Amino acid sequence: MASRRKARSIALQVLYELDCTRHRADEVLARLAYDESVDEETLAFVTTLVEGVQSHRRQIDTIIEEHAPAFPVEQMAPIDRTILRIGLFELVFAKETPYKVSINEAVELAKSYGGDSTPRLVNGVLAAVVNKNNPEARKE
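S.K.: Is there a simple way to think about the packing of aromatic side chains in this case?
M.R.: Given two aromatic rings, one states the distance between the centres and the angle between the planes to describe the pair. Enumeration according to the criterion identifies 1 aromatic pair in this entry. On the basis of an interplanar angle of 15° and a centroid distance of 6.4 Å, the ring pair of Phe 89 and Phe 93 is categorised as stacked. Residue Phe 89 and its partner Phe 93 are located together in helix α5 (residues 78-94), separated by 4 residues, close to a single helical turn. Its relative accessible area of 6% is what places Phe 89 among the buried residues. Looking at Phe 93, the relative accessible area reads 26%, which means it is partly exposed. Directly above the ring of Phe 45 sits Arg 4, whose terminal nitrogen or CZ lies 3.9 Å from the centroid.

Here is the structure:
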């Protein structure tokens, strides 16, 4: 059975490594999928997240810059920007996960992997994006 939480955690590891090295995505995905021994459904979601973040990275980074101008993307801690990229990909481009779930999952990643202020940053940016793109979300 697929675990989306586990898939997000693996995608975070893959994207973090890709952000900090010159490794190839397919090699990193294959190694981590083997190391983590994931089922096909989980691996498919990991792949969707990794490929989606990579293909929309410029647009995602522009969204981060717009909603967190005090934190230039290139100066952010790599783990913080990677968590934001995953969350924003799910919110803005994938749109298959309810926005509350996407935000909660990103905040959970931030609590597990980020610094003390990372959960607040992630929650603030993602909530601002939802509120801007979906004014009805404020009422829920």
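S.K.: I'm lost on the pattern of salt bridges in this one. Help?
M.R.: Two side chains carrying opposite charge are able to pair once their charged atoms lie near each other. The tally for this structure, following the rule as stated, stands at 13 salt bridges. Between Arg 31 and Glu 17 there is a salt bridge, and its shortest N-O distance comes to 2.6 Å. With Arg 31 in helix α2 (residues 25-36) and Glu 17 in helix α1 (residues 4-20), this pair connects stretches of sequence that are 14 residues apart. For Arg 31, a relative accessible area of 36% puts it in the partly exposed group. Judged by its relative accessible area of 16%, Glu 17 falls in the buried class. The partner of Glu 66 in a salt bridge is Lys 132, with the nearest N and O atoms 2.3 Å apart. Taken together, the residues span a long stretch of sequence, with Glu 66 in helix α4 (residues 57-67) and Lys 132 in helix α7 (residues 118-133) at a distance of 66 residues. Linked by salt bridges that have partners in common, Asp 19, Arg 57, Asp 61, Arg 81 and Arg 85 make up one network.

About the thresholds
Residues numbered from 1 in each chain as written. Predicted model: local features only at pLDDT ≥ 70, side-chain atom pairs only at ≥ 80, totals over all residues. Heavy atoms only, no water. Phe/Tyr/Trp six-rings, centres within 6.5 Å; stacked < 30°, edge-to-face > 60°. Helix = DSSP H or I, 4+ residues; strand = E, 2+ residues; numbered from the N terminus. Buried < 20%, exposed > 50% of the residue type's maximum accessible area, 1.4 Å probe, protein only. Lys NZ or Arg CZ within 6 Å of the ring centre and 35° of its normal. Salt bridge = Lys/Arg side-chain N within 4 Å of Asp/Glu carboxyl O.

Any link to function would need more than the numbers given here.
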